[in-house]
Amino acid sequence: MKGRIALAAVVLAAGVAGAHGETSFPLVPHRAAYEISLIEDYGQRSSSQTPVSASGLIAYEFSGSRCEGFASNFRQFTQLQRSEGDPVSSDIHALTFEDGDAKRMRFQIDSRCKAATRLRRGSASRGADSADTTVALSKPDAETMDIGKDILFPTEHVERIIAHAKAGGGTMEARVYDGSDTGKKVFQTLTVIGKEATTPTPEADFADTLGKVRRWPVTVSYFDEKARDAPPEYILSFDLYENGVSGTLKLDYGAFALQAKLKRLNVLPTPACAD
């Protein structure tokens, strides 16, 4: 397991949309915590490397606005216990900033697994009208590369999904860059959006915050676009609320799956745009 969860799935935008997307519902800055566990009786393969239990935590904070840009602070710690050997743990800490017009993104991602530590730091920028996107890495080594046209950054991706859901749902394809993995990878994503939910929110502990907010079941498959005909690296399923909050998550890695249950949610003030 790569020990990561797509930032696109939990990132939030703040304020009403302008240059950043089509959605018109105010999306809320917030802090959230998700508790990780293994989904039992799952898995297409079984071996000594398949986990028999899992634990961990996702802590996430989003702040900012369309005017000043969007900042996120994401931390995921996961520990897997396999049928043989010592537990395997991973610790991911990601800081990102996207400007309000979705033209530029900065990122720093620190990942630790076993004795290995990797730090990726850099930025990505693109011109008008979905022009070529350029990535400039500063860590681990300085490198500049073009990753092509029609690239979405994480916040914009979430806004596109919400807009698609409000238009009736169905499927949506998008190329997404979030700076993760080696910092060079572009994900080809396939999103399946179900019909708007009509039952009470399953996040019963947060009914005061989420109970009256529209939501849709969403499944996003993430493919390495350079690995042709390969299965997705992982599949993320969750309820996406119209205000941008993600409900309890399912992370499907093929051989096993994890659940990240929403345990804490605090809505933060939305900064007003200066005149």
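None of the values given here were measured: they were computed from a predicted structure.

(A) Highlighting the packing of aromatic side chains. A full pass over the atoms with the stated rule returns eight aromatic pairs. With a centroid separation of 6.4 Å and an interplanar angle of 65°, the aromatic rings of Y60 and F74 are classed as edge-to-face. Of the two residues, Y60 sits in strand β2 (residues 51–65) while F74 sits in strand β3 (residues 69–82), which places them 14 residues apart along the sequence. Assigned by exposure class, Y60 and F74 land together as buried.

(B) Representation of the nonpolar core in the model. By size, the foremost hydrophobic cluster in this structure holds 58 residues, and its most contacted members are Y177 and L258. Residue contributions to this core peak at five residues, all from strand β13 (residues 234–241).

(C) Layout of the environment of R75. Turning to its location among the elements, R75 is positioned in strand β3. Along the primary structure R75 and A59 are separated by 16 residues, whereas in three dimensions their C-alpha atoms are 5.2 Å apart. Those residues in contact with R75 that lie beyond four places of it in its chain are L57, I58, A59, D91, I92 and H93. A polar contact of 2.7 Å, which involves the side chain of R75, links it to the side chain of D91.

(D) Inspection of the pairing of strand β7 (residues 133–139) at higher detail. As paired elements, strand β6 (residues 116–126) and β7 share six bridges and run antiparallel to each other. Residue pairing for β7: G122 is matched across the bridge by L137. As defined by bridge partners, β7 adjoins strand β8 (residues 143–148) across five bridges and the pair is classed as antiparallel. Counterpart to V135 in the pairing with β8 is M145. Counting the residues in the hairpin turn of β7 and β8 gives three residues.

Quick notes on the rules
- Residues numbered from 1 in each chain as written.
- Predicted model: local features only at pLDDT ≥ 70, side-chain atom pairs only at ≥ 80, totals over all residues.
- Heavy atoms only, no water.
- Phe/Tyr/Trp six-rings, centres within 6.5 Å; stacked < 30°, edge-to-face > 60°.
- Helix = DSSP H or I, 4+ residues; strand = E, 2+ residues; numbered from the N terminus.
- Buried < 20%, exposed > 50% of the residue type's maximum accessible area, 1.4 Å probe, protein only.
- Core = buried A, V, L, I, M, F, W, Y, C linked by side-chain atoms within 4.5 Å.
- Contact = heavy atoms within 4.5 Å.
- Polar contact = N/O pair within 3.5 Å; in protein donor to acceptor, adjacent residues only side chain to side chain.
- Pairing = 2+ DSSP bridges.

This is a description of form; function is not addressed.
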